[in-house]
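Listed below are the residues making up each chain.
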Amino acid sequence: QVQVVESGGGLVQPGGSLRLSCAASGSIRSMYVMGWYRQGPGKQRELVARITNGITTDYADSVKGRFTISRGNAKNTVYLQMNSLKPEDTAIYYCYTESETYTYRQLTIWGQGTQVTVSS
């Protein structure tokens, strides 16, 4: 069984920073994509950032220049460094991975989400 667990959310003032962490565990042969989506109050879930094959990164236009996604030394971890946070960044942030198991199943696994609130 494959699991994804996020941590690092919380309350921060506008202009502040937070770092989200995500770790995947289980019978994973390869993780092609790891990334973050978010869903704000009354909004649809949107892609925030993702990293493909440990190299290529993509960002939502709204976070470019403020957020940085990176893989950890342990290949099953990913981080999202969020700087210059704005109230509109308030959302539940979900980590996900597109992976292949040792039985060659292709899976998209989601974490439970972590709340980020940007407010004074």
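These remarks concern the structure in this document.

Cut-off values and rules
Residues numbered from 1 in each chain as written. Predicted model: local features only at pLDDT ≥ 70, side-chain atom pairs only at ≥ 80, totals over all residues. Heavy atoms only, no water. Disulfide = S-S within 2.5 Å. Helix = DSSP H or I, 4+ residues; strand = E, 2+ residues; numbered from the N terminus. Phe/Tyr/Trp six-rings, centres within 6.5 Å; stacked < 30°, edge-to-face > 60°. Buried < 20%, exposed > 50% of the residue type's maximum accessible area, 1.4 Å probe, protein only. Lys NZ or Arg CZ within 6 Å of the ring centre and 35° of its normal. Pairing = 2+ DSSP bridges. Axes fitted to C-alpha atoms, helices over the stretch in contact; angles between N-to-C directions.

### Some thoughts on the state of the cysteines
Evaluation of the coordinates by the stated rule reveals one disulfide. Residue pairing for cysteine 22: its cysteine sulfur links by disulfide to cysteine 95, the two sulfurs lying 2.0 Å apart. Between cysteine 22 and cysteine 95, the disulfide has an S-S torsion of -80° and is therefore left-handed. Pair noted here: cysteine 22 is in strand β3 (residues 18–25) and cysteine 95 is in strand β9 (residues 91–101), with a separation of 73 residues, a long-range link.

### Digging into the packing of aromatic side chains
For the structure on display, the rule yields three aromatic pairs. For the pair tyrosine 96 and tryptophan 110, a centre-to-centre distance of 5.2 Å together with 25° between the ring planes defines the contact as stacked. Of this pair, tyrosine 96 sits in strand β9 while tryptophan 110 sits in strand β10 (residues 106–110); the two residues are 14 residues apart in sequence, bridging distant segments of the chain. When its relative accessible area of 2% is taken as the criterion, tyrosine 96 is described as buried. By relative accessible area, which is 34% here, tryptophan 110 ends up partly exposed. The ring of tyrosine 79 is capped by arginine 19, whose NZ or CZ atom sits 4.0 Å from the centre of that ring. Positioned above the aromatic ring of tyrosine 94, the side-chain terminus of arginine 45 is 3.9 Å from the ring centre.

### Let's talk about the sheet that holds β3
Taken together, four strands build an open sheet; the order of strands is β1-β3-β8-β7 and the sheet is antiparallel. The open sheet is flanked by β1 (3–7) and β7 (67–71), the only strands paired with a single partner. With strand direction ignored, the average angle separating the axes of adjacent strands in the sheet is 15°. Of the pairings in the sheet, the one linking β1 to β3 comprises five bridges and is antiparallel in character.

### Topic: the pairing of strand β4 (residues 28–39)
Judged from the ten bridges that link them, β4 and β9 form a sheet pairing that is antiparallel. Paired with isoleucine 28 across the two strands is threonine 101, which belongs to β9. Taken together, the six bridges between β4 and strand β5 (residues 46–52) define a ladder with antiparallel strand orientation. Pairing of glycine 35 across the sheet is with arginine 50, part of β5. The hairpin turn running from β4 into β5, its antiparallel successor, is six residues long, and glycine 42 in that turn takes a positive phi close to 70°.

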